[in-house]
Amino acid sequence: MQSTDLGNKESGKLWHRKPSPAARDGIIVNIIHSSSDYLPKVLRFLNVAFDSSGDCLIAGDHQGNIYVFDLYGNRFNLVQRTAQACTALAFNLRRKSEFLVALADYSIKCFDSVTKELVSWMRGHESSVFSISVHASGRYAITTSSDTAQLWDLDTFQRKRKLNILQSVGIQKVFFLPLSNTILSCFKDNSIFAWECDTLSCKYQLPAPPESSSVLYKVFAVTRDGRILAAGGKSNHLHLWCLEAKQLFRIIQMPTKVRAIRHLEFLPDSFDAGSNQVLGVLSQDGIMRFVNIQTCKLLFEIGSLDEGISSSVISPHGRYIASIMENGSLNIYSVQALTQEINKPPPPLVKVIEDLPKSKLNSGGLKMKVTSGRVQRPAKSRENKIQARILKQDLTGNFENKENEVSDGLNKKRLQILLKGYGEYPTKYRMFIWRSLLQLPENHTAFSSLVDKGVHVAFLNLQKKYPIKSRKLLRVLQRTLSALAHWSAIFSDTPYLPLLAFPFVKLFQNNQLICFEVVATLIINWCQHWFEYFPNPPINILSMIENVLAFHDKELLQHFIDHDITSQLYAWPLLETVFSEVLTREEWLKLFDNVFSNHPSFLLMTVVAYNTCSRAPLLNCSLRDDFEYFFHHRNNLDISVVIREVYHLMDTTPTDIHPNGKLDAFVALTKGQYPVFNQYPKFIVDYQTQERERIRNDELDFLRERQMVEDMQAEVDQQRVEDEAWYQKQELLRKAEETRREMLLQEEEKMVQQRQRLASVKRELRAKEMHLQDATRRRFLKLQQDQREMELRRLNDEIERKVHMRDQEIATTAKDLEMRHLELESQKRLYEKLIEENLAEAEQACLNADWRIQALHKQRCDDLQRNACYQEVAKLLRENRRKETEVLNAMVGEGAKKWEEAQEKDFHLKSEKKASALSDASRKWFLEKELDDALEHAEHPYNTVPRCQSGQAASGYVPRTSQLKDSSEVDSSTHISLNQRRVQWDTMEQDLMERVRNLRQRLTAQARNRCRTPHLLAT
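Keep in mind that what you see is a predicted model, and the values were worked out from it rather than measured.

Cut-off values and rules
Each chain carries its own residue numbering, running from 1 in the written order of its sequence. This being a predicted model, a pLDDT of at least 70 is required before a residue's local features are given, and a value of 80 or more before pairs of side-chain atoms are given or counted; all residues contribute to the totals for chains, interfaces and linings. Side-chain descriptors were evaluated using all non-hydrogen atoms of the structure, hydrogens and water having been removed beforehand. Segments assigned H or I by DSSP are reported as helices when at least four residues long, segments assigned E as strands when at least two residues long, and all are numbered from the N terminus. Burial status follows relative accessibility: with a 1.4 Å probe on protein chains alone, a residue under 20% of its type maximum counts as buried, one over 50% as exposed, and anything between as partly exposed. In what follows, residue pairs with any heavy atoms lying within 4.5 Å of each other are defined as contacts. Accessible surface is estimated by sampling points in the Shrake-Rupley manner with a 1.4 Å probe; for residues, cover comes only from the protein chains shown. When DSSP finds at least two bridges between two strands, those strands are taken to pair. In this description, a line fitted to the C-alpha atoms serves as the axis of each element, helices being fitted only across the stretch in contact, and the angle between N-to-C directions of two axes falls anywhere from 0 to 180 degrees. Any angle that falls under 35 degrees is termed roughly parallel, while one over 145 is termed roughly antiparallel, one within 65 to 115 roughly perpendicular, and all others oblique. Left-handed is the label given to a crossing in which the near helix is rotated counterclockwise from the far helix by less than a right angle, and right-handed is the label when the rotation is clockwise. In this count, Pro and Cys sit with the nonpolar residues alongside Ala, Val, Leu, Ile, Met, Phe, Trp and Tyr, while Asp, Glu, Lys and Arg are called charged and the others, Gly among them, polar. Pairing of aromatic rings covers Phe, Tyr and the six-membered ring of Trp, with a centre-to-centre limit of 6.5 Å; geometry is then stacked below 30 degrees between planes, edge-to-face above 60, and tilted otherwise. Throughout this description, the term charge over a ring refers to an Arg CZ or Lys NZ atom that lies within 6 Å of the ring centre and within 35 degrees of the ring normal. Grouping buried Ala, Val, Leu, Ile, Met, Phe, Trp, Tyr and Cys residues that are joined through side-chain atoms within 4.5 Å yields what is termed a nonpolar core. A 3.5 Å cut-off defines polar contacts: any pair of N or O atoms within that distance qualifies, except that in protein one atom must be a possible hydrogen donor and the other a possible acceptor, and neighbouring residues in sequence count only when both atoms are side-chain atoms. In what follows, salt bridge is the name for a side-chain nitrogen of Lys or Arg lying within 4 Å of a carboxyl oxygen of Asp or Glu. For a helix, the expected span equals 1.5 Å multiplied by the number of residues minus one. What pLDDT expresses is the predictor's confidence in each residue, scored from 0 to 100. Note on patches: the residues involved have over 30% relative accessible area and no salt bridge, like charges join within 9 Å, and the nonpolar side chains Val, Leu, Ile, Met, Phe, Trp and Tyr join within 5 Å. Here Asp and Glu are counted as negative and Lys and Arg as positive; His is not counted, and neither are the chain ends. To locate a charge, take NZ of a lysine, CZ of an arginine, CG of an aspartate or CD of a glutamate.

**Student:** It is not clear to me how the overall build of the protein should be interpreted in this structure. Could you clarify?
**Tutor:** Each helix and strand counted, the protein has 24 helices and 32 strands in total. Counting the 1019 residues in the protein, one finds 42% classified as buried. Taking the intrachain contacts of the protein between residues at least 6 apart in sequence as the baseline, contacts between residues at least 24 apart amount to 59%. As displayed, the protein has an accessible area near 58,100 Å², and 53% of this comes from carbon and sulfur atoms.

Here you go:
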């Protein structure tokens, strides 16, 4: 077996050679942690937990050092120093490097093992957390204390739910079922409930166990598949529950040497699909036995009576077992080595018998006995085994009683003999022995009634007088002192009571009932007659001490008298602090092991012994300050020598001055209710109480008045400050105003100068602008004059051209008329010839000629009418030009009305255009109608002149053929001349209208430009 001492190393190797665990004990390595102080001592491991891989575990000792052990990498690392003991450990299953630690101050912290930093700090418990269960998903965790269980969200580190229970029903354990979403809660009344994690609704409740095998469950274990629940307690019976059927299916009875089960855990196996068959049972004797729950056979065991196991954890894959031993070390076991004998293959069916050599004939003493399926170890000598069992039986019995109940069977004489032999009681059993020696009744109801009264008025401001760093310790001290004050009124006025009770409060801070009863027992027995001269120190007790000191060391007493040092200086400081100021923790515990084991006068003798053992430095002191410092600080003194001197004084002091005769024997507290404590001058206490109440009321009145005065003073100061601030602000404003006024004057001067310069510049610019406007106006007028002259020339040219065209048209028309006249002349001659030939034909021709003359006359009338129309159009054009000129003049004169008049003129012009267009359309329609009539006449001559024909019917001598011929000739010539004229007039009319339109557009554009130019010049 290899052993590794961590010492002060923060990292290193677990083993320096490859471990080879033996089948006998299976230990891979034994880990201890010892301090390297002047007096080295072992730091005990308290808790251990594996991670999900099973190759890494975390362990914490009672000083708050947390180590991570990597079994695969053969390394250990110090990951955190919490400075206080850890009560539970667990790895975070989601973030592999994080782990949860429950500390002695009831808080839970989450650290990162890689960065060694604090991840989160969770508070909410009011008592010590002894269990942390993490959900299989790693998202939730359940922390359990004796009074509550809380569900935490590990993503946000916020409390999700809290399980509150009655005070009478305590919690044993609350945990998640493996690979499940179910929470199992187990209470001290043997009730077991299953809850749904998401909805927190109750799924089921297991029935009560049978009365024939009633066990108060304290420890639990569940198989990997969550089907079987194992439960045990203070009995050798082990109950197995089927969670699917919700019933108890088996009760296993452990060996008779097992009287109580302290821990249960199933041993995982890679091939059982989670239905674990091997259960580890840790009993009160420190041995963990592994049994098969199906065959009920004992397979193997770890630990022994000499090296007992305190707690144990099995890795998730079932390869390692980490056990915290009773001596505080940590053992790592190999499951493979422990099960080597069990997992051996079966022997072959065919065996060969051979002759054994002589050297092996006598080896029968090493044979192993197999009994009831259990592999036993080679037997040690019976004598050694019996001795070990006897010694262990006594200690384990005390341990069991200390855990569960207070025993009244301890022999005080035997304890005194043991105390004189060893000088002190074992640290592990000291609290139990003290409780037995003091015969504490543990009156829970009476103590609760005292605590329920709340904090006493005298100790409300305790932290001001005694600034204790630990808030928990301060709170416990305040509750204990308040309970003492409620028990007896004198304790509310005792100034040294906090000094007297503080060492016991610090020692029993996790059990306030025991702390109160220890202090009360101390006051009743070891503080007898202390309060008879209240509020003065106990003169009678100090006189006893002075008499004993005078008998045993007159020189020292004479030295005290010579320097005016009374017993109130060399004895009373030691008594009122019960030596807590002058002794260390270990020395104080050792002293009170002897104080509680002897008569109450032992404490007074201890004061004398402390002085006599320190006579050398005391004789060298001559100043009062030196004496005060000596009795209020620690000194270089061996407490064992002092205790021996106390026993010597107890034996050699005469009876007449021995405190034994004046102090009563030990009296324990009564059960049920605490005794009445009235060993003090009641009238003085009552008077002091009344005076204190009066002083308190006066003080309250004074405080109220002072508060009012302070408030008024504060208001006055505030008003003064505000006034000063207002005056300062006004002064600043006045200065700022003067500065601004000066600046404004300067700016105004600058502005005046700038305005003068600007005015001169404006005048120059105005003159330049006027010159430019005059030049621009002259240029514009000249441009307008030029444009008008050009327009007049253009109009004259246009008129001349139109006159020329009219002359040409007239000349053409005259030529056409001449041609027509010639034609008529020729026709006339032809008609004359025809008349001569035929009168009828002549008459008809005359009629036709008359008709043609009428048509020509009509055409001439139309031409005259058309000319009149053209003249009217020309007149309108001249009128339009005149009006446009007036409009332009009006626009130049009146800029505001130019646009409206232009629009009105434009509208009037459009109406004129429409009228001319209508006249043109009517003229065209008339011409087209005449043309159509002419064409119709040319096609049907006889239908057009019926009257002529009927009038001349009587004289119709002309032949029909000559009439038709003459008529066709005239019609054809008339038709040709009319078509030519219509085409010419239409073309001329279109050209003239186009020119008029263009001229109007140019005039309008010129008028607009003229209107815009003056506007721009004005701006």
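That was the structure; now back to the text.
**Student:** What should I look at first to understand the pairing of strand β17 (residues 182-187) in this one?
**Tutor:** Within a regular strand, the side chains alternate between the two sheet faces. Along β17, six of the six residues are buried, which leaves the element largely enclosed by surrounding structure. Residues of β17 alternate between two faces, with Thr182, Leu184 and Cys186 on one and Ile183, Ser185 and Phe187 on the opposite face, all of them buried. Pairing geometry for strand β16 (residues 171-176) and β17, over five bridges, is antiparallel. In the sheet register, Val174 faces β17, and the bridge partner there is Ser185. Taking the residues that link successive antiparallel strands as the turn, the β16-β17 hairpin has five residues, and the phi of Leu179 there is positive, at about 50°.

**Student:** Would you explain the sheet that holds strand β19 (residues 202-205) in this entry?
**Tutor:** What the four strands build is an open sheet, ordered β16-β17-β18-β19; its pairing is antiparallel. Looking at the sheet topology across the chains shown, the edges are occupied by β16 and β19. Taken over all neighbouring pairs, the strand axes of this sheet differ in orientation by 20° on average, direction set aside.

**Student:** Can you help me understand the sheet that holds strand β21 (residues 228-233) in this one?
**Tutor:** Strand pairing in a sheet takes place through backbone hydrogen bonds and is either antiparallel or parallel in direction. As summarised here, the arrangement of the four strands in space is β20-β21-β22-β23, forming an open sheet in which the pairing is antiparallel. The strands lining the two open edges of the sheet, one partner per strand, are β20 (217-222) and β23 (247-253). Mean inter-strand twist for the sheet, computed between neighbouring axes without regard to direction, equals 25°. Note: strand β22 (residues 237-242) against β23, six bridges, orientation antiparallel. Following the sheet pairing, His237 is matched in β23 by Gln253.

**Student:** How should I be thinking about the packing of helix α10 (residues 539-552) against helix α15 (residues 601-613) in this particular structure?
**Tutor:** Each packed pair of helices is defined by two parameters, the angle between the axes and the distance between the axes. Running from N to C, α10 and α15 point in directions that differ by 45°, and their axes come no closer than 9 Å. By the angle between their directions, the pair α10 and α15 is classed as oblique. Every pair of crossing elements has a handedness; the one defined by α10 and α15 is right-handed. Counted together, Ile541, Met544, Ile545, Val548 and Leu549 of α10 and Leu604, Met605, Val607, Val608 and Thr612 of α15 form the full contact between these two elements.

**Student:** Got a minute to help me understand unusual backbone geometry in this structure?
**Tutor:** What you tend to see is this: most non-glycine residues have negative phi, and most peptide bonds are trans. The residue Ala83 is not glycine, and still its phi comes out positive at about 65°. The residue Ala83 is located in the loop between β7 (75-81) and β8 (86-91) in this model. Judged by its relative accessible area of 73%, Ala83 is exposed. Notably, Phe579 is not glycine yet its phi reads approximately 65°, a positive angle.

**Student:** I keep staring at the packing of helix α8 (residues 497-507) against helix α14 (residues 585-595) and nothing clicks. Help me out?
**Tutor:** Packing of α8 against α14 brings their axes to within 12 Å, and their N-to-C directions diverge by 100°. Relative to α14, α8 is oriented roughly perpendicular. Residues Pro503, Phe504 and Leu507 of α8 pack against Arg585, Trp588, Leu589 and Phe592 of α14. Residues that form the contact of α8 with α14 fall into these classes: six nonpolar, no polar and one charged.

**Student:** Looking at this structure, I do not really get helix α4 (residues 430-438). What am I missing?
**Tutor:** Since one α-helical turn is 3.6 residues long, residues separated by three or four positions face the same way. Burial analysis of α4 places seven of its nine residues in the buried class, which makes it a mostly covered element. Backbone geometry just downstream of α4 places Gln439 in the positive-phi region, at approximately 55°.

**Student:** Even after reading the chapter, I still don't get the packing of aromatic side chains, so can you show me in this structure?
**Tutor:** The geometry of an aromatic ring pair is captured by two quantities: the separation of the ring centres and the angle between the planes. The full count for this structure, using the stated rule, is 38 aromatic pairs. For the pair Tyr217 and Phe220, a centre-to-centre distance of 6.0 Å together with 80° between the ring planes defines the contact as edge-to-face. Exposure remark for Tyr217: the relative accessible area of 0% places this residue in the buried category. Ring pairing ties together the aromatic residues Trp434, Phe504, Phe508, Trp526, Trp588, Phe592, Phe596 and Phe666, which thus form one cluster. Directly above the ring of Phe666 sits Lys412, whose terminal nitrogen or CZ lies 6.0 Å from the centroid.

**Student:** Help me understand the nonpolar core in this model?
**Tutor:** One broad trend across soluble globular proteins is that nonpolar side chains are buried collectively. Ranked by size, the top nonpolar core spans 101 residues in total, and within it Trp487, Phe504, Leu575, Phe579, Trp588, Phe592 and Phe596 carry the most contacts. Non-local contacts of Phe592, meaning those with residues more than four positions away in its chain, are made with Trp434, Phe504, Leu522 and Val578. By size, the runner-up hydrophobic cluster in this structure holds 22 residues, among which are Trp15, Val29, Val48 and Val313.

**Student:** What is the right way to look at the side chain of Asn611 in this model?
**Tutor:** Among the secondary structure elements, Asn611 is positioned in helix α15. Within the local environment of Asn611, its side chain forms a polar contact with the backbone oxygen of Tyr570, the two atoms lying 3.3 Å apart. Once residues lying within four places of it in the same chain are set aside, the contact partners of Asn611 are Leu556, Phe560, Tyr570, Leu574, Leu618 and Phe631.

**Student:** Just to check I follow, could you spell out the pattern of salt bridges for this structure?
**Tutor:** Side-chain pairs of opposite charge can arise whenever the charged atoms involved come near each other. Using the criterion set out here, one finds 33 salt bridges in the structure. Arg430 is the salt-bridge partner of Asp593, the closest N and O atoms lying 3.0 Å from each other. One end of the pair, Asp593, is in helix α14; the other, Arg430, is in helix α4, with 163 residues separating them in the sequence. Pair check on accessibility: Asp593 and Arg430 agree, each one buried. Taking the shortest distance from any N to any O, the salt bridge between Glu791 and Arg794 comes out at 1.5 Å. With a gap of three residues between them, Glu791 and Arg794 both fall in helix α19 (residues 682-837), about one helical turn apart. Judged by its relative accessible area of 6%, Glu791 is buried. The class for Arg794 is partly exposed, based on a relative accessible area of 27%. A single salt-bridge network, built from bridges that share partners, covers Arg95, Glu98, Arg139, Asp153 and Asp155.

**Student:** Looking at this structure, I do not really get the pairing of strand β14 (residues 148-153). What am I missing?
**Tutor:** Where burial is concerned, most of β14 is hidden: six out of the six residues are buried. Neither face of β14 is left uncovered, since the one carrying Thr148, Gln150 and Trp152 and the one carrying Ala149, Leu151 and Asp153 both have all their residues buried. Sheet analysis places strand β13 (residues 140-145) next to β14, joined by five bridges and oriented antiparallel. When the sheet's bridge partners are listed, Thr143 is paired in β14 with Gln150. Turn length for the β13-β14 hairpin, with the two strands adjacent in sequence and antiparallel, is two residues. Adjacent in sequence and paired antiparallel, β14 and strand β15 (residues 158-164) are bridged by four residues, among which Phe157 carries a positive phi angle near 55°.

**Student:** Explain α10 here, please?
**Tutor:** Its 14 residues give α10 an end-to-end C-alpha distance of 20 Å, which sits within 8% of 20 Å, the value for a rise of 1.5 Å per residue. Buried residues of α10: Asn540, Ile541, Leu542, Met544, Ile545, Val548 and Leu549, and no others. Those residues of α10 that are buried lie in contact with α11 (554-562), α12 (567-570), α13 (572-576) and α15.

**Student:** It is not clear to me how the confidence of the model for the protein should be interpreted in this structure. Could you clarify?
**Tutor:** Where the model shows low pLDDT, its predicted coordinates should not be examined in detail. Averaged over every residue, the pLDDT of the protein is 80; residues scoring 70 or more account for 83%. Confidence drops under a pLDDT of 50 for residues 1013-1019, and excluding neighbours within four residues, the segment shows three contacts in the predicted structure.

**Student:** Explanation requested: a positive patch on the surface in the structure shown.
**Tutor:** Residues Lys41, Lys506, Arg585 and Arg634 make up a contiguous surface patch of positive charge. Under the relative-accessibility criterion, Lys506 is labelled partly exposed at 44%.

**Student:** What am I meant to see in a nonpolar patch on the surface here?
**Tutor:** On the surface, Val455, Val457 and Leu460 cluster together to form a nonpolar patch covering roughly 230 Å² of accessible area. If you trace the backbone, Val455 turns up in the loop between α5 (444-452) and α6 (462-465).

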